[in-house]
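# Commentary on secondary and tertiary structure
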Amino acid sequence: MVPTASRTRFAVWTGVGLLLAALVLSATSLILNARNTALAESEDQVRRFASGAESAMNRALLSFDVLLASTGDLLDLSTSQRSELGGRGARQLLRSAARQNLMVRYVALMDEGGAVVAASDQAGLHAARDLPAGFFDEAMGQAAPVLVASAPTVSFTSSERVIFFARHVQMPNGRRLLALAQVPSSMLVSVLMQGTDIPALEVTMEHGAGDVLLGISSRGEMRRAATVHPLGEQPQPPDGVSGPQVQRWHQPTRLSGTPGMVVARPILYPDLWISASLPLREALDNWRSERNTIVLVALLFGATLLGIAGFSVAYLNRMHRARRAMAQSQATLEQALSSLVTGFLLLDAEQRVRQWNLRFEEIYPWTTPSLRVGMPFTELLSLCAPYQVPEGSDAERRHWVEQRLMLQRTPRGTHEQEMRNGHCIQITERPTPDGGMVISYHDVTDMRRASAEIENLAFYDPLTGLPNRRLLLDRLHQAESAAERSGERGALLFLDLDQFKTLNDTLGHEVGDQLLQQVARRLSDSVGITDTVARLGGDEFVVMLRDLSSHDGEAAAAARRTGEKILHQLNRPYQLGAYSHQSSCSIGATLFGHKPQAAAELLKQADIAMYQVKAQRGNGLCFFDPGMQEAISARARLEHDLQEGLAAGQFVLHYQPQFTLTGALVGAEALLRWQHPQRGMVLPGQFIGVAEDSEFIIPLGLWVLRTACEQLALWQQEPTLRDLHLSVNVSARQFHQPDFVPRVIQVLQETGIRPHLLDLELTESMVLDNVEETVAKMHLLRTKGVRFSVDDFGTGNSSLAYLTQLPLHQLKIDQSFVRNLGVRHTDDVIVQTIIGMARNLELEVIAEGVETAEQRDFLARHGCDLYQGYLLGRPMPAQELRQLAQALVPSSSA
Ligand code: C2E
Ligand code: MG
Ligand code: MG
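What comes next is a walk through the structure. (Residues numbered from 1 in each chain as written. Chains lettered and ligands numbered in written order. Predicted model: local features only at pLDDT ≥ 70, side-chain atom pairs only at ≥ 80, totals over all residues. Heavy atoms only, no water.)

## A short note on the packing of aromatic side chains
All told, the structure shown has 13 aromatic pairs when counted by the stated rule. Judged by centre distance (5.2 Å) and plane angle (45 degrees), the rings of phenylalanine 360 and tyrosine 364 are tilted. Ring geometry for tryptophan 366 against tyrosine 387: centres 4.2 Å apart, planes inclined by 10 degrees, an arrangement best described as stacked. Note that tryptophan 366 is positioned in the loop between helix H8 (358–363) and helix H9 (377–388) and tyrosine 387 in helix H9, a separation of 21 residues in sequence. Here the aromatic cluster, defined as three or more aromatic residues joined through ring pairs, consists of Phe360, Tyr364, Trp366, Tyr387 and Tyr441. In this structure, arginine 35 is placed above the aromatic ring of tryptophan 287, and the distance from its NZ or CZ to the ring centre is 5.6 Å. Positioned over the ring face of tyrosine 574 is arginine 522, at 3.7 Å from the centre of the ring. (Phe/Tyr/Trp six-rings, centres within 6.5 Å; stacked < 30°, edge-to-face > 60°. Helix = DSSP H or I, 4+ residues; strand = E, 2+ residues; numbered from the N terminus. Lys NZ or Arg CZ within 6 Å of the ring centre and 35° of its normal.)

Here you go:
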């Protein structure tokens, strides 16, 4: 099991703790050892020093003792000459004796009274002055002759610190004298110190009771600065062996009283001790720096150890975090892979399976039982082969595997696999940097289906399922290219159902749709497999026939045969729900393949031919003829010229007078003329039809109305013309404009004419088109005073019924009847009937196209009210009409 991070950290810190503990222990033991060694060394040193000092002091004191003891004998020599006891002889002897001992300043002898009886020099004679108080008595008082040392004192003569050593000597005469020697304490110091270099060593010579005779430290002589236990009262060593009295460390030193080690020894002379003491602090001076070094090294080592441990732990933490992050991203990756909607397979450089996701297994469920890491990809493909090629032989399946591997080798990136279950899998293969491969499997079935649907919508008509205009044009383009290569002609048949609009309006769109669907089926059944049936929209269909013949005539004949077959098929009755319906169609045809032509151009040709059939009441077939094209082009040019003409003011109105039988001028008809710069004066017959077919009649009609009213307004100012009526022709399209009535009223108001002088000429068919609307509009204008006339009366299917409904003022007998008066009996009857009918309805009757007196007389005999025609006056400019009116005035008044 992989150790967790905390466990590893614990192990590291525990190891470090143990190492640190060991380090502390070793450092401590080293320090203690060093301390003990330092103490032992110091102790040893002090002890050696003390023993040396003891011997030296013993020798020195012994030398004083011997010197003083010998003074008795010296004096003995002079006993023979008592009188000279204090004389020169004795002094001589003492001086030479004193000179034997270099430490001694002088030797003197004092009697029991304290007087100096002899001295080695002059200073000695005054010895009594130098002696510390009480010393004489103390020395004299000794029971046995022993050497006694005085307390240190300052010599009067030398001003040095001195110590007196004394003993009493017994003169042969029984007299007791005190022999004393003055010794500078500096001499004793050098004896005692023996040139030692132990720093801070404190050396004393003292009485057992504690009085210090000599006190020396490294800084020179010093006095005692602390209270210490008298040496004479110190306990003896336990073993009873006499020897140096050793104090343990932490005793107060003999001079400064600081804690340290004291070695004290009694010397040969009673109650005299020497001591050597070393303060602990100084004894440990060297050790301390050693200790500091050890501590420093240990600290450094410990810090290094901690540093290494910290670094290791940080490194471990980082490692752990990195490992955790890796594990996490691995888990996330695996989760992401398993939730991918795309199948995924990873191959290594040896083409063996390394990883895959759940989706892969969903797409290829049969691989699941055998799928394993390390499985060769070929083996995986072999597993798939039976499902991909279920009916195939082993060889075919091997071939499939090889094909699949081949696809992988050729780096095209993406290819698609059709599954047996109808699914389409898009396979994308990308090499990985390590030489392996990532293969993704994306199910694009829905996408393909959707794009097929989109394509269907884009290229097919949803109602009939037939190709639409776009696909037809595309196929036509292809067919033309093929025809150019092969020389085989093709044909386009443009079909339009006759009266489809009526069916749609009367029975509804659903029934209309049913008819279209049945027509589509019949058309598809009537053509070959290479031919195309398309629906352009509405009731328009196109059939494209291919490979008819390489000869134009034969190709046309074949196309005609198919067209007639279609006509026959479409003429058969249809069952549309409950209705049985009879229909027909108009077919325009055109050939292609004999010369390069744009597809749209061909379609237009067939369309033109179809309109030719329509114009001849439909239900037939007509081939396109270039003349038709020319006519249409001319028409388009004319339409364009008309628009320009209106803008350029090329239109004028001529006025044809209208008379009573008696020859009175009562009115005129405004007739449009186009003064074309090249064509000359163009009559309405040549352009009114074109204008009426397009929207152009609306601005043109408005211009006529306004110009006519303006003319009427001008006539108002002339007495001969002011009562003239003016008839204005109104086209159907113009009249059916929603704003026709307000426009007329606006013109009336703007020109300010008297409305009852304006006659609007409508045609019968226009009135019949939408009777209700027409009646409403006429009534509106009638209330304003405007009058209405039915132009070309008799040519339409007029009935009495509508005549009675309309607010009419006049009927205008069509000139075709007038022309044949007296020639064709039926026309005579018609004219008589029209006049009779108008009488009954109390309408005015006017005859147009009166060219002969016979015609006029016939009309007059039957009661016609007014007359218009070349016999009486041609259409003329306003100016001429004015002259005519003026010319008529005198004759009529005459
Ligand atoms: P319409 O309204 O029936 O006009 C009478 C036509 O008969 C006029 O032809 C006139 O010149 C002609 N006409 C008059 N008397 C005789 C005659 O004795 N013998 C012969 N052979 N013809 C005669 P126009 O001017 O060529 O007009 C033809 C048609 O054009 C008019 O027939 C009218 O329907 C239409 N039209 C003329 N001007 C206008 C107009 O301003 N607006 C509209 N919408 N149509 C107009
Ligand atoms: Mg007219
Ligand atoms: Mg007419």
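The structure having been displayed, the exposition proceeds.
## Comments concerning the packing of H9 against helix H10 (residues 394–409)
For the pair H9 and H10, interaxial distance at closest approach is 9 Å and the crossing angle is 125 degrees. One way to sum up the angle between H9 and H10 is to call them oblique. The hand of the H9/H10 crossing is right-handed. Here Phe377, Thr378, Leu381, Ser382, Cys384, Ala385, Pro386 and Gln388 of H9 lie close against H10, whose contacting residues are Arg397, Trp400, Val401, Arg404, Leu405 and Gln408. (Axes fitted to C-alpha atoms, helices over the stretch in contact; angles between N-to-C directions. Parallel < 35°, antiparallel > 145°, perpendicular 65-115°, else oblique. Left-handed = near helix turned anticlockwise from the far one by under 90°. Contact = heavy atoms within 4.5 Å.)

## Re the side chain of serine 694
With respect to the helices, strands and loops of the structure, serine 694 is situated in the loop between helix H18 (688–693) and helix H19 (697–715). A residue is classified by how much of its surface remains accessible, and serine 694, at 10% relative accessible area, is buried. Each residue touching serine 694, except ones within four places of it in the same chain, is listed here: Glu639 and Arg733. (Buried < 20%, exposed > 50% of the residue type's maximum accessible area, 1.4 Å probe, protein only.)

## Digging into the sheet that holds strand S21 (residues 540–549)
Strand order in this open sheet of 5 strands is S20-S21-S19-S24-S25, and the pairing throughout is mixed. Of all strands in the sheet, those with a lone pairing partner are strand S20 (532–537) and strand S25 (620–623), marking the two edges. Looking at each pair of strands side by side, their axes are set apart by 25 degrees on average, direction ignored. On the sheet, helix H14 (residues 509–526) packs against strand S19 (489–497), S20 and S21 and is oriented at approximately 0 degrees with respect to S21. (Pairing = 2+ DSSP bridges.)

## Considerations on the coordination of the magnesium ion (ligand 2)
For a metal with four tetrahedral donors the ideal donor-metal-donor angle is 109.5 degrees, whereas six octahedral donors ideally subtend 90 or 180 degrees. On the protein side, the magnesium ion (ligand 2) has Glu669 (OE), Asn729 (OD1), Glu761 (OE) and Asp791 (OD) as donor atoms, found 2.0 to 2.4 Å from it. Look at where the donors of the magnesium ion (ligand 2) fall in the sequence and you get E-x59-N-x31-E-x29-D. If you look at the magnesium ion (ligand 2) and the magnesium ion (ligand 3), they sit 4.1 Å from each other and are both ligated by aspartate 791. Of the two residues, asparagine 729 sits in strand S29 (residues 725–729) while glutamate 761 sits in strand S30 (residues 758–763), which places them 32 residues apart along the sequence. (Donors = N, O, S within 2.8 Å, 3.2 Å for Na, K, Ca; no water.)

## Regarding empty space enclosed by the protein
Tallying each qualifying case throughout the model produces 2 cavities of 30 Å³ or more. Put simply, the largest cavity is a space of about 70 Å³. Around the largest cavity, the lining residues are Phe360, Tyr364, Phe377, Leu380, Leu381, Cys384, Trp400, Arg404, Gln417, Ile427 and Tyr441. Contributions of two or more residues to the lining of the largest cavity are made by H9 and H10. Element by element, the count of residues in the lining of the largest cavity is highest for H9, at 4 residues. (1 Å grid on protein atoms, 1.4 Å probe; cavity = no way out; pocket = protein on both sides within 12 Å on 5 of 7 lines; lining within 4 Å. Points joined across faces, edges and corners; volume = space filled by probe spheres on them.)

## Let's talk about helix H26 (residues 825–840)
Compared with the 22 Å implied by 1.5 Å per residue over 16 residues, the 23 Å span of H26 between its first and last C-alpha is a close match. Buried within H26 we find Asp827, Asp828, Val831, Ile834, Ile835, Met837 and Ala838. Just beyond H26, the residue with positive phi is glutamate 842, at close to 60 degrees. (Expected span 1.5 Å × (residues − 1).)

## Looking at the site of ligand 1
In the vicinity of ligand 1, 21 residues are found, and the nearest of them are Gln656, Asp791, Gln815, Glu851 and Tyr870. Side-chain polar atom of aspartate 792 to an oxygen atom of ligand 1: 3.1 Å apart, as the coordinates give it. Glutamine 815 is positioned with one of its side-chain polar atoms (N or O) 2.6 Å from an oxygen atom of ligand 1. Burial of ligand 1 by the protein amounts to 83% of the accessible area it has alone, namely 780 Å². More than half of the atoms belonging to ligand 1 lie within 2 Å of the grid points that define the largest pocket. Elements supplying a minimum of two residues to the shell around ligand 1: strand S27 (665–676) and strand S31 (787–793). (Near = heavy atom within 4 Å. Polar contact = N/O pair within 3.5 Å; in protein donor to acceptor, adjacent residues only side chain to side chain. Areas by Shrake-Rupley, 256 points an atom, 1.4 Å probe, with all protein chains shown as cover. Sits in = over half its atoms within 2 Å of the grid points.)

## Concerning the environment of tryptophan 287
Assignment of secondary structure puts tryptophan 287 in helix H7 (residues 285–339). The spatial distance from the C-alpha of tryptophan 287 to the C-alpha of asparagine 317 is 43 Å, given a sequence separation of 30 residues. Once you skip the residues sitting within four places of it in the chain, tryptophan 287 turns out to touch Ile31, Ala34, Arg35 and Ala38.

## Some points on the layout of surface pockets
Computed from the structure, the largest pocket encloses a volume of approximately 850 Å³. Lining the largest pocket are 35 residues, and of these Glu669, Leu671, Arg673, Pro684 and Asn729 lie nearest its centre. When residues of the lining of the largest pocket are assigned to their parent elements, the largest contribution, 5 residues, is made by S27. Within the lining of the largest pocket, the residues separate by chemical class into 14 nonpolar, 11 polar and 10 charged. Its volume calculated, the second largest pocket comes out at about 290 Å³. As for the second largest pocket, its lining consists of 15 residues, of which Ser42, Gln45, Glu282, Ala283 and Asn286 are closest to the centre. Elements with a contribution of two residues or more to the lining of the second largest pocket: helix H1 (5–77), helix H6 (280–283) and H7. Here the element with the most residues in the lining of the second largest pocket is H1; it accounts for 6 residues. In terms of residue class, the lining of the second largest pocket is built from 7 nonpolar, 4 polar and 4 charged. (Nonpolar A, V, L, I, M, F, W, Y, C, P; charged D, E, K, R; others polar.)

## Considerations on the pattern of salt bridges
Taken as a whole, this structure holds 38 salt bridges when the rule is applied. Of the charged contacts, one joins arginine 448 and glutamate 416 as a salt bridge, the two residues approaching to 2.2 Å between their closest N and O atoms. Taken as a pair, arginine 448 in helix H11 (residues 445–459) and glutamate 416 in strand S16 (residues 414–418) lie far apart in primary sequence, 32 residues in all. Owing to a relative accessible area of 31%, arginine 448 belongs among the partly exposed residues under this scheme. Of the residues examined, glutamate 416 reaches a relative accessible area of 37% and is grouped as partly exposed. Salt bridges linked by common partners bring Glu669, Glu761, Lys812 and Glu848 together as one network. (Salt bridge = Lys/Arg side-chain N within 4 Å of Asp/Glu carboxyl O.)

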